[in-house]
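An overview of the molecular structure
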Amino acid sequence: MLVKRIIPCLDVYKGRVVKGIKFRNLRDAGDPAILGSVYSEEGADELVYLDITASSEDRSVIVDVVRKVAKSIDIPFTVGGGINSVETATQVLTNGADKISINTAAVKSPGLITDLRDIFGSNCVVVAIDAKRNLGVTPSNYEVYIYGGSVPTGLDVVEWAKKVVEYGAGEILLTSIDHDGTKKGFDLELTKMVSEAVNVPVIASGGAGNIKHFIELFKKTDADAGLAASIFHFGEVSIRNLKEELRRNGIPVRL
Amino acid sequence: MKGAILNYGVGNLFSVKKGFEAHSNTRVSIIDMENLNKSFLRSVDFLVFPGVGHFTAASKKLLPMKNLIMEAVDEGLSIFGICLGLQLLGFSSMEGAGRGLGVFKGHSVRFPDGVKIPHMGWNKVEYLRPSKLFEGIDSPYFYFAHSYYLSLDDSRYVLGVTHHGVSFPSVVGKELVVGVQFHPEKSGDSGLRLIKNYLEMIKG
């Protein structure tokens, strides 16, 4: 049986991890490769690197980051941000990333999902969906947003999730815009709806504030993985502790 | 030890190379299919069939070299298949047209409805038969990312199985030909140990 995955997310700006990460005894807390290997040693099942560099001229920087990260870890990692074509996807995958994540580009040209599937296989194609609760706007009351959560699309989250699977997505990274950064827990209703509507793995993101939130996530929804950033970065929750607690609560994990 | 990774698809070969080269005195090159020839195959101890790409596309590139590769295997060349690379050691696949090498009699099939596809994430390998490959691996969890698996006609060659809706062969071996359905290069310490065990095994 597959175990539930714990995935730290690192935001990368111009080749450095930002939002600040505080590990004890770590001289350079902004190096994506060093941080990746620390998380990997702590027992992370996978890593997500999100390139938030705005300009496209900086593409070569993220490729460099990918190469360094691939050199320093032996667990899978996904790269997202700025991938909007087969070319940009090829750049990161052939330099050592295992999966690419697309978001805005998937909404603007869904055919890209299929193109990526046909070349790399659906195992490498993650579609990220940013969801916001807007009562009455769409059938599920959750609407898809793009451009970093700033632009509403009118798309229904559940319908869109089913669509991206048809187009060829092998995994969905589902972020609740409402819960992101609040530390009040994952959006269980959203996660439950989406993970029950599709038969590909779903990574839940947004709102993790403590261990209880992960237990809740895995007990109450079909999510395959929980993703979080700040609670790991600031050492509020250690991955090893989290996994031990999950196991104690009957949730299968890799320890 | 000297090895080569066959380049028959698009994807992450970097980590595979790194996974093998993490072990002392092992050098691995990446070789394009059209550059494969007898003298090259004689110069390496093992060939890695990596887990990147699509069955049909990879099969198209691989098949013209089938006889060359099988002759080398008869002369003592070892093969290590990863994910799709394992499936290419069977006869054919539901993923699409094309043929594999047929080292293992079997056909790759899709997971049944009702389970999540792709089978993605960390899962356990249950050891069916004793093998040097499993030595010293305390936590037999490995990283999988696939929608098809090779179903073998002859269970003698199944060394380990994994459960995802069905029990499927996740480690197979026949003399010097070994295949794993997971990605050892992405499976942390357990994966690296398995690669090390493999290298020691074929060293004899």
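The following paragraphs examine the structure supplied in this document. Please read these numbers as outputs of a predicted model, since none were measured by experiment. (Residues numbered from 1 in each chain as written. Chains lettered and ligands numbered in written order. Predicted model: local features only at pLDDT ≥ 70, side-chain atom pairs only at ≥ 80, totals over all residues. Heavy atoms only, no water.)

Take the overall build of chain A next. Looking only at helices and strands, chain A features ten helices and eleven strands. In terms of principal-axis extent, the alpha carbons of chain A reach across some 50 × 45 × 35 Å. Expressed as a percentage of the 255 residues in chain A, the buried residues total 60%. For chain A, the share of sequence-separated contacts (at least 6 apart) that also reach a separation of at least 24 residues comes to 63%. Entry remark: accessible area of chain A is about 10,000 Å², with carbon and sulfur atoms responsible for 49%. With 30 positive and 33 negative side-chain charges, chain A shows a spacing of 5 Å between the two charge centroids. (Helix = DSSP H or I, 4+ residues; strand = E, 2+ residues; numbered from the N terminus. Buried < 20%, exposed > 50% of the residue type's maximum accessible area, 1.4 Å probe, protein only. Contact = heavy atoms within 4.5 Å. Areas by Shrake-Rupley, 256 points an atom, 1.4 Å probe, with all protein chains shown as cover. Lys, Arg positive; Asp, Glu negative; His and termini not counted. Charge placed at Lys NZ, Arg CZ, Asp CG, Glu CD.)

Broken down by element type, chain B carries six helices and 13 strands. On C-alpha atoms alone, chain B measures out to a radius of gyration of 15 Å, which is about the 17 Å that the 2.2 N^0.38 rule sets for 204 residues. Its C-alpha atoms give chain B principal-axis dimensions of roughly 45 × 40 × 30 Å. Split into buried and exposed, the 204 residues of chain B put 59% on the buried side. Of the contacts made within chain B by residues no fewer than 6 positions apart, 71% connect residues no fewer than 24 positions apart. Total accessible area on chain B stands at roughly 7,900 Å², and carbon and sulfur atoms take up 49% of it. Put simply, chain B has 22 plus and 18 minus side-chain charges, and the middle of one group is 2 Å from the middle of the other. (Rg over C-alpha atoms; globule rule 2.2 N^0.38 Å.)

Contacts between chain B and chain A engage 29 residues on the former and 38 residues on the latter. Roughly 2,700 Å² of surface becomes buried between chain B and chain A when both sides are summed, with 55% attributable to carbon and sulfur atoms. Summed over the three residues of chain B that lose the most area to chain A, namely Lys116, Met120 and Trp122 of chain B, the buried surface amounts to 28% of that side. Inspection of the region where chain B meets chain A yields three salt bridges. When the shortest N-O distance is used, the salt bridge between Lys186 of chain B and Asp98 of chain A registers 2.8 Å. Across the contact surface, chain B and chain A share 19 residue pairs in polar contact (both at pLDDT 80 or more). Looking at which element gives the most residues to the side of chain B that touches chain A, the answer is strand E7 (residues 119-124) of chain B, with five residues. Looking at the side of chain B that touches chain A, its residues break down into eleven nonpolar, 14 polar and four charged. (Buried area = accessible area lost by both parts, 1.4 Å probe. Salt bridge = Lys/Arg side-chain N within 4 Å of Asp/Glu carboxyl O. Polar contact = N/O pair within 3.5 Å; in protein donor to acceptor, adjacent residues only side chain to side chain. Nonpolar A, V, L, I, M, F, W, Y, C, P; charged D, E, K, R; others polar.)

Take the sheet that holds strand E3 (residues 46-49) of chain B next. What links the strands of a sheet is backbone hydrogen bonding, and the strands pair in either a parallel or an antiparallel sense. All names here are of chain B. Ordered by their spatial adjacency, eight strands build an open sheet running E2-E1-E3-E4-E13-E12-E11-E8, and the pairing between neighbours is mixed. Strands at the two margins of the open sheet, each flanked by one partner only, are strand E2 (27-32) and strand E8 (126-127). Strand direction decides the pairing type here: strand E1 (residues 2-7) and E3, joined by three bridges, are parallel. Bridged to Gly3 within E3 is Phe46. Packed onto the sheet, helix H1 (residues 14-21) meets E1, E2, E3 and strand E4 (78-82) and runs at close to 150° relative to E2. (Pairing = 2+ DSSP bridges. Axes fitted to C-alpha atoms, helices over the stretch in contact; angles between N-to-C directions.)

Evaluated as defined, the whole model comprises 19 aromatic pairs over all chains. With a centroid separation of 5.2 Å and 80° between ring planes, the pair formed by Phe186 of chain A and Phe214 of chain A is classed as edge-to-face. Note that Phe186 of chain A is positioned in the loop between strand E9 (171-176) and helix H7 (188-197) and Phe214 of chain A in helix H8 (residues 211-220), a separation of 28 residues in sequence. Note on Phe214 of chain A: relative accessible area 0%, which makes it buried. Through successive ring pairs, a cluster of aromatic residues spans Phe111, Phe142, Phe144, Tyr149, Phe168 and Phe182 of chain B. The aromatic ring of Trp122 of chain B is capped on one face by Arg254 of chain A, whose charged end is 3.6 Å from the ring centroid. (Phe/Tyr/Trp six-rings, centres within 6.5 Å; stacked < 30°, edge-to-face > 60°. Lys NZ or Arg CZ within 6 Å of the ring centre and 35° of its normal.)

Residue and element names in this part refer to chain A. Taken together, the side chains of Tyr13, Leu50 and Ile52 define a hydrophobic patch exposed on the protein surface, amounting to about 240 Å² of accessible area. With respect to the helices and strands, the residue Ile52 is situated in the loop between strand E3 (47-51) and helix H2 (59-72). A relative accessible area of 40% means that Ile52 is categorised as partly exposed. (Patch = residues over 30% accessible without salt bridge, like charges linked within 9 Å, V, L, I, M, F, W, Y side chains within 5 Å.)

This brings us to the pairing of E7 of chain B. All names here are of chain B. Of all six residues making up E7, five are buried, and the element is well covered by its neighbours. Where E7 and strand E9 (residues 141-146) come together, six bridges link them in antiparallel fashion. Within E9, the position partnered with Asn123 by the bridge is Phe142.

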